[in-house]
Amino acid sequence: MAKSVLVIESDDNLKEYLKKLLIKNGFEIVGEAGDGEEAIRLYGQLHPDLLIMDLVMPVLGGIEAAKKILSQDHRATIVVSSSLTDRYLIKEAMNTGVIGVIKEPFDEKKIIMVLDKVMHMKELQMGNHRLDRLEVPLLIKWTRLPKKRFFSKWDETVAVNI
């Protein structure tokens, strides 16, 4: 069965590219929007397996929208995308409960690997009802990162915080 995805992206060209990439790789797009308020409304209606959301959007940004969604459903699986390299903003998103961050412009192979890992971990989590969220954050680093802080080379990484 295809994994349902809600795509929230303020840039229409990136939204279309991301939707095509996801469909091509076996995901089902159940909804789309361009701002955080619409993301909250659609998530409440659709309850998708995965929510991919732009970090910076008009009306309501990704961090604020993620906080509201997670306050309503602490098991929501949210991955944010960003072209920003502001490590503090990215760290704030991860601390909010967002499970992953992917960098724009998108690298298809890396994104699909990360999303597959996120969905696999969600399936494991759902099988263990004792856990609300996985206890230990796991940072998956792709490409050439030094063994320093995760945010030191954001422009070269795609990460998952599970």
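Refer to the preceding data block for the structure.
Source: prediction; values computed, not measured.

Engineer: Please clarify how the overall build of the protein chain should be interpreted in this entry.
Structural biologist: Looking only at helices and strands, one finds five helices and six strands in the protein chain. Along the protein chain, from the amino end to the carboxyl end, the secondary structure elements read β-α-β-α-β-α-β-α-β-α-β. Across the 162 residues that make up the protein chain, the buried fraction comes to 48%. Long-range pairs, those at least 24 residues apart, make up 65% of the contacts in the protein chain between residues at least 6 apart in sequence. Accessible surface for the protein chain amounts to roughly 8,400 Å². Of this, 52% is attributable to carbon and sulfur atoms.

Engineer: I would appreciate a short explanation of the nonpolar core in the present structure.
Structural biologist: For soluble globular proteins, the rule of thumb is that nonpolar side chains tend to be buried together. One finds Ile8, Leu51, Met53, Ile69, Ile78 and Val80 to be the most contacted residues of the largest nonpolar core, which totals 25 residues. Secondary-structure elements contributing two or more residues to this core are strand S1 (3-8), helix H2 (36-46), strand S3 (50-54), helix H3 (62-72), strand S4 (78-82) and helix H4 (87-96). By residue number, the principal contributor to this core is H3, which donates five residues. Residues in contact with Ile8, not counting those within four places in the same chain, are Glu32, Ala33, Asp35, Ala39, Leu51, Ile52, Met53, Asp54 and Met57.

Engineer: Quick question: what am I supposed to make of the pairing of S4 here?
Structural biologist: A regular strand carries its side chains on alternate faces of the sheet. Summarising burial for S4: five of the five residues are buried, a large majority. Burial along S4 is two-sided: Ile78, Val80 and Ser82 facing one way and Val79 and Ser81 facing the other are all buried. Pairing geometry for S3 and S4, over four bridges, is parallel. When the bridges of S4 are listed, Leu51 appears paired with Ile78.

Engineer: Would you mind going over H4 with me for this structure?
Structural biologist: Each full turn of the α-helix corresponds to 3.6 residues, which orients residues three or four apart in the same direction. Regarding H4, the residues found buried are Ile90, Ala93, Met94 and Thr96. Looking straight down H4, one finds its buried side chains confined to an arc of 160°; they lie on one side. Exposed and oriented more than 90 degrees from the buried face of H4 are Tyr88 and Asn95. Gly97, located one to two residues past H4, shows a positive phi value of around 120°.

Engineer: Can you walk me through the pattern of salt bridges in this structure?
Structural biologist: Side chains that differ in charge, positive against negative, can pair when their charged atoms come close. Applying the stated criterion to the full structure yields six salt bridges. Across the pair Lys24 and Glu108 runs a salt bridge whose closest N-O atoms are separated by 3.1 Å. Here the residue Lys24 occupies a position in helix H1 (residues 12-24), and Glu108 occupies one in helix H5 (residues 108-127), the gap between them amounting to 84 residues. The class for Glu108 is partly exposed, based on a relative accessible area of 26%. When the shortest N-O distance is used, the salt bridge between Arg41 and Glu38 registers 2.3 Å. With Arg41 and Glu38 both in helix H2 and three residues apart, the pair spans about one turn of that helix. Judged by its relative accessible area of 40%, Arg41 falls in the partly exposed class. By relative accessible area, Glu38 is classed as partly exposed at 27%.

Engineer: Would you mind going over the environment of Leu46 with me for this structure?
Structural biologist: With respect to the helices, strands and loops of the structure, Leu46 is situated in helix H2. Residue classification places Leu46 among the partly exposed residues on the basis of a relative accessible area of 34%. Contact partners of Leu46, with chain neighbours within four places excluded, come to Leu6, Val30 and Gly31.

Engineer: Please explain the packing of H3 against H4 as it appears in this structure.
Structural biologist: Think of two packed helices as two axes; the pair is described by the angle between the axes and how far apart they sit. Running from N to C, H3 and H4 point in directions that differ by 5°, and their axes come no closer than 9 Å. As judged from the angle between their axes, H3 and H4 are roughly parallel. The residues of H4 that touch H3, namely those facing Ile63, Ala66, Lys67 and Leu70, are Leu89, Glu92, Ala93 and Thr96. Taken together, the residues of the contact of H3 with H4 break down into five nonpolar, one polar and two charged.

Procedures and definitions
- Residues numbered from 1 in each chain as written.
- Predicted model: local features only at pLDDT ≥ 70, side-chain atom pairs only at ≥ 80, totals over all residues.
- Heavy atoms only, no water.
- Helix = DSSP H or I, 4+ residues; strand = E, 2+ residues; numbered from the N terminus.
- Buried < 20%, exposed > 50% of the residue type's maximum accessible area, 1.4 Å probe, protein only.
- Contact = heavy atoms within 4.5 Å.
- Areas by Shrake-Rupley, 256 points an atom, 1.4 Å probe, with all protein chains shown as cover.
- Core = buried A, V, L, I, M, F, W, Y, C linked by side-chain atoms within 4.5 Å.
- Pairing = 2+ DSSP bridges.
- Arc of directions from axis to C-beta.
- Salt bridge = Lys/Arg side-chain N within 4 Å of Asp/Glu carboxyl O.
- Axes fitted to C-alpha atoms, helices over the stretch in contact; angles between N-to-C directions.
- Parallel < 35°, antiparallel > 145°, perpendicular 65-115°, else oblique.
- Nonpolar A, V, L, I, M, F, W, Y, C, P; charged D, E, K, R; others polar.

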